[in-house]
Amino acid sequence: MPTAVESVLGEIRERLPLTKYLVSKGFKLRQTGRNRMVALCPFHADKRRPNMVIYTDEHRFHCYCCGARGDVVDMARCLDGYLNFTTALRALAASVGLSLPHGRPQISEDRGGILTLAAKLYAEHLGSDVLAYLGRRGFPEAFVRKWRIGYAPQKSPQLLRDFLRQHTVAPEAALASGVLIEAGARDGRLLRDFFGNGGGGYIVFPNPARDGGIIDLQGRAFPNGSNKPKYLNLPKGRRYLFNESIVPRSSVILTEGIPDALSCLLVDQPAVAVYGTSGFSDRSVNQFVLCRRIYVAFDLDAHRHSVEIAMQFGLRGRVVMLPESLGRNGDLNDFLMQRGAASFSNDLTQLLQTADTGYGAAINELPTDLQPYDLFESATSLLAALGAVDPISRDVYLQRLHVKYGIAMDTLRDAAREALFMTPSTTFSGTSLGVADPTGH
Ligand SMILES: [Zn+2]
């Protein structure tokens, strides 16, 4: 069953079609196929040649230059400058005579400051052993305190429950936030701490919002137990990227884990973490619309995923290659530990400077022993993506393929165009979006 928010969203898309909304904002749309129109993209400086495709049957848009995508709510968020998705949703709902149901926990708020309270309690329980461990991972105590990293001690399943009770937090509200869970008991229900259930022993990383509140918590086992999960995400959490409230206009590093993002932040490089590679969704792309450069720096074993995500950001995406010396599972935090803060800072700057675009990285990834006649089949999505970017950038990458496989430039240009037309629905991070010719020819 769709949630209340989802059904309101569906209703808005019906009552306020994306095309109608865009026309009301003065956009010029051009039909380029059945159910497809193109327009200049407002998410980046789209000048002469429209790069944004609108799928009129799906009520969605996708810009093949900057990667922006979404529905009418995402568009309104950009054009009308709403702070977040929920605010835009409320405003659009009101404009078409709908109202969002109240009384249910909001997805973008820490109702009653429960998560903020929990983070405070866990920060108070940070012992010298955990501090020493974090110190070995490269994080000095002052930095740990600044980020309010905490500890849910072992064998204390009701530490937070009792603390929240002292702060007169209603049990229902605590349950709704996910920090408490219900455990079966003979005489009715029993509330237990989410991080303390099953023995506890978790370092707790809070995800800060712009206003200083906490919007999510993630636990990492300490010490590692034989049968306890290494990571614990709140049952109601993970709707955010870690530290997403800071996404700057200049550049940002996108990491896989929270400690990786913190490693960058330690040396003053803005960073956001996705909580594991599966934490990156379609909507995540839009978080970065104002960002000029997005450096994807996932762990070494997730390099291919880095390339795919960087390509979703179009020409703004970069793939950071971590040194092989870190080992197969190496990550940015390992790099910080190996090099120490001062050297890490320099090395990281160097890595960012030499980072290639997703397209470039994807070309490097193609096997050298690939037969030229297999290229089209092996690299259709790459060719289709190149078919959609501007002619100068496209030729830069096709030139690399030309050098690598000896295929004539004209043939490659044809192939890119062909791939763009041919791919009926190309897969971008698991969602199917049809590809149209953004040039409109
Ligand atoms: Zn765009």
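No experiment lies behind these values; they were computed from the predicted model shown.

## A short note on the overall build of the protein
Counting its secondary structure elements, the protein contains 19 helices and 17 strands. When burial is assessed residue by residue, the protein has 52% of its 441 residues classed as buried. Within the protein, counting contacts between residues at least 6 apart in sequence, those at least 24 apart form 61% of the total. Of the roughly 20400 Å² that the protein leaves accessible, carbon and sulfur atoms contribute 51%.

## Topic: unusual backbone geometry
In this structure, proline 223 follows phenylalanine 222 across a cis peptide bond, with omega equal to -5°. Counting through the fold element by element, proline 223 comes out in the loop between strand 10 (214-221) and strand 11 (231-233). Residue histidine 59 is not a glycine yet carries a positive backbone phi of 55°. Within the secondary structure, histidine 59 is located in the loop between strand 3 (52-55) and strand 4 (60-63). For histidine 59, a relative accessible area of 19% corresponds to the buried category. In the Ramachandran plot, threonine 168 falls in the positive-phi region, its phi being about 45° despite a non-glycine side chain. Residue position: threonine 168 is located in the loop between helix 8 (159-166) and helix 9 (171-177). Judged by its relative accessible area of 72%, threonine 168 is exposed.

## Comments concerning the pattern of salt bridges
Taken as a whole and judged by the stated rule, the model has 13 salt bridges. A salt bridge links arginine 161 to aspartate 162; the nearest nitrogen and oxygen atoms lie 3.1 Å apart. Owing to a relative accessible area of 15%, arginine 161 belongs among the buried residues under this scheme. Here aspartate 162 falls in the partly exposed class, since its relative accessible area comes to 31%. The salt bridge involving aspartate 410 is made with arginine 413; its shortest N-O contact spans 2.6 Å. One end of the pair is aspartate 410 and the other is arginine 413, both in helix 19 (residues 409-422) and three residues apart, which spans about a single turn. Linked by salt bridges that have partners in common, Asp395, Asp410 and Arg413 make up one network.

## Considering the sheet that holds strand 1 (residues 30-33)
On the basis of which strands lie adjacent, the open sheet formed by five strands has the order 1-2-3-4-5 and antiparallel pairing. The strands lining the two open edges of the sheet, one partner per strand, are strand 1 and strand 5 (69-70).

## Structural notes on the environment of histidine 305
Its location among the elements puts histidine 305 in helix 12 (residues 303-312). Separated by 27 residues in sequence, histidine 305 and serine 278 have C-alpha atoms that sit 9.6 Å apart.

## Side note on the sheet that holds strand 9 (residues 202-208)
Spatial ordering of the open sheet is given by 6-9-10-11, a layout of four strands whose pairing is antiparallel. Single-partner strands in this sheet number two, and they are strand 6 (150-152) and strand 11. The sheet shows a mean angle of 30° between the axes of neighbouring strands, taken without regard to direction. Pairing analysis gives seven bridges linking strand 9 to strand 10, with the strands arranged antiparallel. Paired with phenylalanine 205 across the bridge in strand 10 is glutamine 218.

## Focus on the environment of proline 17
With respect to the helices and strands, the residue proline 17 is situated in the loop between helix 1 (4-15) and helix 2 (18-24). Residue proline 17 is classed as partly exposed on the basis of its relative accessible area, which comes to 23%. Here the alpha-carbon distance between proline 17 and histidine 59, two residues 42 residues apart in the chain, equals 6.4 Å.

## What about the nonpolar core?
Core analysis: the biggest nonpolar cluster contains 42 residues, and Leu254, Phe288, Leu375, Leu382 and Leu401 have the highest contact counts within it. Those elements that place two or more of their residues in this core are strand 12 (251-255), strand 14 (293-297), helix 12, helix 15 (358-365), helix 17 (380-388), helix 18 (391-405) and helix 19. The dominant element in this core, judged by the number of residues it contributes, is helix 17, at five residues. Each of domain 3 (244-360) and domain 4 (366-434) gives at least three residues to this core.

## Brief notes about the pairing of strand 1
Of the pairings in the sheet, the one linking strand 1 to strand 2 (residues 36-39) comprises three bridges and is antiparallel in character. Across the sheet, arginine 30 pairs through a bridge with valine 38, a residue of strand 2. Between strand 1 and strand 2, which pair antiparallel in sequence order, lie two residues; one of them, asparagine 35, sits at a positive phi of approximately 65°.

## Quick notes on the state of the cysteines
One pass over the full model with this rule turns up zero disulfides. The structure places no disulfide on cysteine 78, whose sulfur is separated from the nearest cysteine sulfur, that of cysteine 41, by 7.3 Å.

## Notes on the packing of aromatic side chains
Counted under the stated rule, the structure contains twelve aromatic pairs. Between tyrosine 122 and phenylalanine 195, the aromatic rings sit 6.0 Å apart at their centres with planes inclined by 85°, giving edge-to-face as the arrangement. Of the two residues, tyrosine 122 sits in helix 5 (residues 114-124) while phenylalanine 195 sits in the loop between strand 8 (190-193) and strand 9, which places them 73 residues apart along the sequence. For the pair shown, tyrosine 122 and phenylalanine 195 are each scored as buried. Both rings, one in phenylalanine 288 and one in phenylalanine 313, keep their centres 5.4 Å apart while their planes meet at 80°; by these two values the pair is edge-to-face.

Parameters and conventions
Throughout this document, residue positions are counted from 1 along each chain, in the order its sequence is written. This being a predicted model, a pLDDT of at least 70 is required before a residue's local features are given, and a value of 80 or more before pairs of side-chain atoms are given or counted; all residues contribute to the totals for chains, interfaces and linings. Excluding hydrogens and water, the side-chain values take into account all heavy atoms of the structure. A run of H or I in DSSP becomes a helix once it reaches four residues, and a run of E becomes a strand once it reaches two; helices and strands are each numbered from the N terminus. The rule is simple: take the accessible area with a 1.4 Å probe, protein chains only, and divide by the maximum for that residue type; under 20% is buried, over 50% is exposed, in between is partly exposed. The contact rule is simple, with two residues in contact once any of their heavy atoms fall within 4.5 Å. Under the convention used here, a 1.4 Å probe and the Shrake-Rupley method define accessible areas, while residue burial counts only the protein chains that appear. Salt bridges, as used here, are contacts in which a Lys or Arg side-chain nitrogen is within 4 Å of a carboxyl oxygen on Asp or Glu. A pair of strands is considered paired only if DSSP assigns at least 2 bridges between the two. Simply put, an axis is a line fit to the C-alpha atoms, just over the touching stretch for a helix, and the angle between two N-to-C directions goes from 0 to 180 degrees. Nonpolar cores were defined as sets of buried Ala, Val, Leu, Ile, Met, Phe, Trp, Tyr and Cys residues, with membership established by side-chain atoms within 4.5 Å. Where each domain starts and ends comes from a domain assignment, either automatic or drawn from a database. In plain terms, two cysteine sulfur atoms within 2.5 Å form what is called a disulfide here. In this analysis, rings of Phe, Tyr and Trp, with Trp reduced to its six-membered ring, are considered paired at centre separations within 6.5 Å, and the interplanar angle assigns stacked below 30 degrees, edge-to-face beyond 60, and tilted for intermediate values.

In short, shape yes, function no, at least from these values alone.
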